[in-house]
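Summary of the model geometry
This is what each chain is made of:
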Amino acid sequence: MNLKNGTEYIESLRKLKPIIYYKGKKIEDVTRHPATAPHVRAAAMTYALASDDEYRDLATATSHLTGRTISRFTHVHQNIEDLIKKIKLLRILGQKTGTCFQRCVGFDGINAAYSVTYEIDKKCGTDYFERLKQWLIGIQDKNLMVVGAMTDPKGDRSKGPADQPDPDQYLHIVERRPDGVVLRGAKLHMTGAVNSHEILVMPTTAMDERSRDYAVVCAIPVDAPGITMIFGRQANDDRRDKLERIDVGKPAFGAVGGEALIAFEDVFVPTDRIFMDGETEFASLLVYRFAAHHRANYGACTTGLMDVLTGAVSYLTQIQGTAKASHVRDKVTEMIHLCETLYCSSIACSAEGQPTPSGAYLVDTMLANVCKQNVTRFHFEVARLALDLAGGFIATLPSQYDLESEDVGHLVRKYFSGVKDISTEDRIKIARLIEAMTGGTALVESMHGAGSPQAQRVMILREGNLDKKIKLAKALLGIPQRVKAKQGE
Ligand code: SF4
Ligand code: FE
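What counts and what doesn't
Residues numbered from 1 in each chain as written. Chains lettered and ligands numbered in written order. Predicted model: local features only at pLDDT ≥ 70, side-chain atom pairs only at ≥ 80, totals over all residues. Heavy atoms only, no water. Axes fitted to C-alpha atoms, helices over the stretch in contact; angles between N-to-C directions. Helix = DSSP H or I, 4+ residues; strand = E, 2+ residues; numbered from the N terminus. Parallel < 35°, antiparallel > 145°, perpendicular 65-115°, else oblique. Left-handed = near helix turned anticlockwise from the far one by under 90°. Contact = heavy atoms within 4.5 Å. Nonpolar A, V, L, I, M, F, W, Y, C, P; charged D, E, K, R; others polar. Donors = N, O, S within 2.8 Å, 3.2 Å for Na, K, Ca; no water. Pairing = 2+ DSSP bridges. Near = heavy atom within 4 Å. Domains from an automatic or database assignment.

Time to look at the packing of helix H9 (residues 283-320) against helix H10 (residues 326-351). Viewed as axis vectors pointing N to C, H9 and H10 meet at an angle of 165 degrees, and their least axial separation amounts to 8 Å. Classified by the angle their axes make, H9 and H10 are roughly antiparallel. Seen from above, H9 lies across H10 with left-handed handedness. Residue-level contacts link Ala296, Gly299, Ala300, Thr302, Thr303, Met306, Asp307, Leu309, Thr310, Val313, Ser314 and Thr317 of H9 to Val328, Val332, Met335, Ile336, Cys339, Glu340, Leu342, Tyr343, Ser346 and Cys349 of H10. A per-class count over the contact of H9 with H10 returns 13 nonpolar, seven polar and two charged.

Another point: the coordination of the iron ion (ligand 2). The protein atoms that coordinate the iron ion (ligand 2) are Tyr298 (OH) and Glu445 (OE), at distances spanning 2.2 to 2.3 Å. Of this pair, Tyr298 sits in helix H9 while Glu445 sits in helix H15 (residues 440-448), and the two are 147 residues apart along the sequence.

Taken together, six strands build an open sheet; the order of strands is E2-E1-E10-E11-E7-E6 and the sheet is mixed. Among the strands making up the open sheet, the edge pair consists of strand E2 (25-26) and strand E6 (172-177). For strand E1 (residues 20-22) and strand E10 (residues 227-231), the ladder comprises two bridges, and the chain directions are parallel. Each bridged residue has a counterpart across the sheet, and for Ile20 the counterpart in E10 is Met229.

Another point: the sheet that holds strand E5 (residues 146-149). Reading across the sheet, the four strands line up as E5-E8-E9-E12 and stay open at both edges, with mixed pairing between neighbours. Two strands lie at the open edges of the sheet, namely E5 and strand E12 (274-277), each paired on one side alone. Within this sheet the neighbouring strands show an average axis-to-axis angle of 20 degrees, counted without direction. As paired strands, strand E9 (residues 216-221) and E12 are joined by three bridges and run antiparallel to one another. Note that in E12 the partner of Val216 across the bridge is Asp277. The strands touched by helix H5 (residues 104-124) within the sheet are E5, strand E8 (198-201), E9 and E12, with E5 carrying the most contacts at an inclination of about 65 degrees.

Around ligand 1, the surrounding shell consists of Cys100, Phe101, Gln102, Cys104, Val105, His294, Asn297, Tyr298, Cys301 and Glu445. Listing elements by their share of the shell around ligand 1, those giving two or more residues are H5 and H9. If you tally residues by element for the shell around ligand 1, the top one is H9, at four residues. For the shell around ligand 1, the residue count by class is six nonpolar, three polar and one charged. Counting the residues that make up the shell around ligand 1, at least three belong to each of domain 1 (6-281) and domain 2 (286-470).

Structure (structure tokens):
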């Protein structure tokens, strides 16, 4: 692996020249800018664990392409053990960063593209699979971070890609040349985009024959000509601008993943980096497999976050002298129960994984959708319980400036104190951590990341095999299977 640890990863980003805007100004160095540096540090943890004896087995893998040791984030799952190791790794990373460490999106994109390009080639006689493997060997050997770029802006949601008044609302090919293609459009909400090395472009939805120019999978360096990124605002990010460390809540790693709009203004992609070009019938398969992998992840990274939140609120109840109250213990029990229930579904969809024709393993798609659906409920309930236990002072807490003020600091220390021997500063730090982990942008990720809740419900009903369930009920009652109900069946 070329990049051996977090420091080397951070240094590698300084050699790139992506065009990134934030609050109307250009970011010259993502590793040092206060808006992006915390996200860089969170992603760096994926590199750091690979060189840590305690975690090396989870954080690295043996490449099935080269036999060399690689980061697990660049690996193609070869068996169920790989799927489960990924889940365990993501929970640990969630615990260590308390936030999104971003690198899973490209990881899932690599796995989805690997299995689908194999099947395109079998049917269409193309050579995408070989191209993808050659590109992937480079990613593995250099240990690069890849941003998986799937979500298009979508414009008028009642219309598909080919019917948009503005064709750029879905990323598309505007020109085919002998040596490659030219892309125009955008991808939104791109987690980790500003601190990745490469972009893996994928279609965002099923497509019909008229959408050939939109059915494109390809890889592009983040600083390729024509790429511009606009980094999103996050709740309370002005606190970060001023480096008010306590008030930020999680100064080291940021509140969420760090998302950006990526605009493609006539970006040239050479042929050897194109892994799908016009095979519309495979677009939905790619989205389906990517989504399944990513939905499985959410039951792992989010449980890591819930572990931190449960720990934070438990410590706060100790500071406040309420830890032994029976209702407090019961609510903490419920937080743990929800967290572990969520983790069960993440492990289960991995344990039930199956090989695709390419040999790459895919999680059980039904259980992965159930897993992500649970995230959209359990994380919110855990956050609700955390805020319940923490108390209302989180909403009215004075700033670090007041805490450190010569005039009023003594008042903040005195009146925001808790039990003897634990500093007011500790209480405030924990409160700000809980605020950062339960507010604003942090929970939006759990709702909409890896697809909004309705996307999972569509898949759950589609894969729920209702016909079989009806047959089960009929069989128990001796109702002949051939008799159709008047309604429903
Ligand atoms: Fe990975 Fe979770 Fe972030 Fe998605 S939200 S990129 S699964 S850490
Ligand atoms: Fe996400």
